[in-house]
Amino acid sequence: MEDAIKYAFDFERHMTPEKFERFKAFAADKETPFVVIDLERIAEKYDELHRLLPYAKVYYAVKANPHDEILKMLIDRGCRFDIASVFELDQMLRLGAKPDDMSYGNTIKKARHIAYAYDRGIRLFATDSEEDVCKIAENAPGASVFFRILTDGSGADWPLSRKFGAHPDTIYRLVLQAAELGLDPYGISFHVGSQQRDIGQWDHAIATCRYLFDSLAEEGVHLRMLNLGGGFPANYVSPTQDIELYCQEITRFLEDDFGDHAPEILIEPGRSLVGDSGVLVSEVVLVSKKSEFNQYSWVYLDVGKFSGLIETIDESIKYPIFVDRESDAVKQVILAGPTCDSMDILYEDTKYEMPADITEGDRVYIFTTGAYTTSYSSVNFNGFPPLKAYILRE
Ligand SMILES: *Cc1c(COP(=O)(O)O)cnc(C)c1O
């Protein structure tokens, strides 16, 4: 068992008290649970990333939060988009995004979905296997392709390892194969794992890319692009380094490995752009004790693993949680969701401190819930509707 988190909620780390009052007032008359999204915050995050990595093209990973208003705002700001399916593609086209500003970043796709995307103008695809390269060559002839290398995801709170990417030797062969099949071998990509705490992981991955660029150049294949993926942090309970340091270090790694001959650079942020913008408003349904000798109370909320908080699996992502109740005493609690499924426990090894007199009906504000919540919410488990989202307005 881990030590309890002694998490004294610190507004300074998240938002000004004035901003929180705006969230609270907006949320006051609405039935919980729901997420409130602050579009201004996302715009600030986007502008910040642009400022810190001016040479990089930003492809927002739509899956992190595919709310129409977020996507429209990012289109207006000149963002590009990484899509995972033809359904996201249709949504982006409906909102007015241009096919040239999108990449089909999922390495797992049906042949007819590749054809569908190609038909609608998509010319940039990610791949990591021989079969997929063949499918792309057949259904998207001449398209540009980038090749995803495997990373082990260590250092990341949400690793994304094993399932995607291939060993550099395999990638080397795939690039040659793609060229033979008439595709345009455009670049290499990786994802170091989501909410990556160890900036050094980019160093290692960039060095591997450099090696592939060089060895393929010897075969006459000149790659032109490097896609640094996502992995940039949002502001959860465990602090990370500042985004400034991430960008500064990544720039240094690129200079060390590529000098003046840097290829075109792409990044695919999801979590870091939208995570901090969201506050999930929830309500206590029940507080109980399993036995009078048990040290811990159980606090059941009206949100859980099936209504948007799936990233609490293995307690991987620890959300900052604020209970709106003035109280002198605190106690450590086990937090769980409302469904009839015993895996619907949010935090058990990690004990959150809550007001000692927390009770049914108390509003609970779960911060940093702008990423991977609504898009992960189940549709109808136990009859509960999917997690709602509102855009913060005056
Ligand atoms: C999910 C995903 C991202 C976004 O990652 P974050 O860690 O949320 O920034 C980027 N690229 C690809 C290919 C992804 O699958």
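The rules behind each value
- Residues numbered from 1 in each chain as written.
- Predicted model: local features only at pLDDT ≥ 70, side-chain atom pairs only at ≥ 80, totals over all residues.
- Heavy atoms only, no water.
- Helix = DSSP H or I, 4+ residues; strand = E, 2+ residues; numbered from the N terminus.
- Rg over C-alpha atoms; globule rule 2.2 N^0.38 Å.
- Buried < 20%, exposed > 50% of the residue type's maximum accessible area, 1.4 Å probe, protein only.
- Contact = heavy atoms within 4.5 Å.
- Areas by Shrake-Rupley, 256 points an atom, 1.4 Å probe, with all protein chains shown as cover.
- Lys, Arg positive; Asp, Glu negative; His and termini not counted.
- Charge placed at Lys NZ, Arg CZ, Asp CG, Glu CD.
- Near = heavy atom within 4 Å.
- Polar contact = N/O pair within 3.5 Å; in protein donor to acceptor, adjacent residues only side chain to side chain.
- Nonpolar A, V, L, I, M, F, W, Y, C, P; charged D, E, K, R; others polar.
- Arc of directions from axis to C-beta.
- Expected span 1.5 Å × (residues − 1).
- Core = buried A, V, L, I, M, F, W, Y, C linked by side-chain atoms within 4.5 Å.
- Domains from an automatic or database assignment.

A. Fine view of the overall build of the chain. Counting its secondary structure elements, the chain contains 10 helices and 18 strands. The globule rule puts the C-alpha radius of gyration for 394 residues at 21 Å, and the 22 Å found for the chain is close to it. For the chain, the spread of C-alpha atoms along the principal axes amounts to about 70 × 40 × 40 Å. The proportion of buried residues among the 394 residues of the chain is 57%. A fraction of 72% describes how many contacts in the chain between residues 6 or more apart in sequence connect residues 24 or more apart. Carbon and sulfur atoms provide 48% of the accessible area of the chain, an area that totals close to 17200 Å². With 41 positive and 65 negative side-chain charges, the chain shows a separation of 4 Å between the mean positions of the two kinds.

B. Geometry of unusual backbone geometry. Residues Thr32 and Pro33 are joined by a peptide bond in cis, for which omega reads 0°. Position of Pro33 relative to the elements: it lies in the loop between α1 (17–27) and β1 (34–37). At Glu315, a position not held by glycine, the phi torsion is positive, near 55°. For Glu315, the location among the structural elements is in the loop between β13 (297–301) and β14 (321–323). We note that Tyr372 has phi near 55°; this positive angle belongs to a residue other than glycine. Within the secondary structure, Tyr372 is located in the loop between β17 (363–367) and β18 (388–391).

C. Looking closely at the site of the ligand. In the vicinity of the ligand lie 13 residues, with Lys63, His191, Ser194, Glu268 and Tyr372 positioned nearest. A distance of 2.5 Å separates an oxygen atom of the ligand from a polar atom in the side chain of Ser194. A distance of 2.9 Å separates an oxygen atom of the ligand from a polar backbone atom of Arg271. Within the complex, the protein chains bury 93% of what would otherwise be the 390 Å² of accessible surface of the ligand. In terms of residue class, the shell around the ligand is made up of 3 nonpolar, 5 polar and 5 charged.

D. View of helix α6 (residues 130–139). Regarding α6, the residues found buried are Asp132, Val133, Ile136 and Ala137. Down the axis of α6, the smallest arc covering the buried residues is 140°, so these residues share one side. In α6, the exposed residues that point more than 90 degrees away from the buried face are Glu130, Glu131 and Glu138. Considering only its buried residues, α6 is in contact with α5 (111–119), β5 (124–127), β6 (144–148) and α7 (168–180).

E. Structural detail: α7. Over its 13 residues, α7 extends 19 Å from the first C-alpha to the last, a length consistent with the 18 Å expected when each residue adds 1.5 Å. Within α7 the residues assigned to the buried category are Pro168, Ile171, Leu174, Val175, Gln177 and Ala178. Contacts from the buried residues of α7 go to α6, β6, β8 (184–189) and α8 (200–217).

F. Examining the nonpolar core more closely. One finds Tyr60, Phe81, Phe190, Trp202, Ile206, Leu228 and Leu335 to be the most contacted residues of the largest nonpolar core, which totals 101 residues. Both domains that meet at this core, namely domain 1 (11–36 + 275–391) and domain 2 (66–269), each give it at least three residues. Phe20, Phe26, Phe34 and Phe322 belong to the second largest nonpolar core, which has 14 residues in total.

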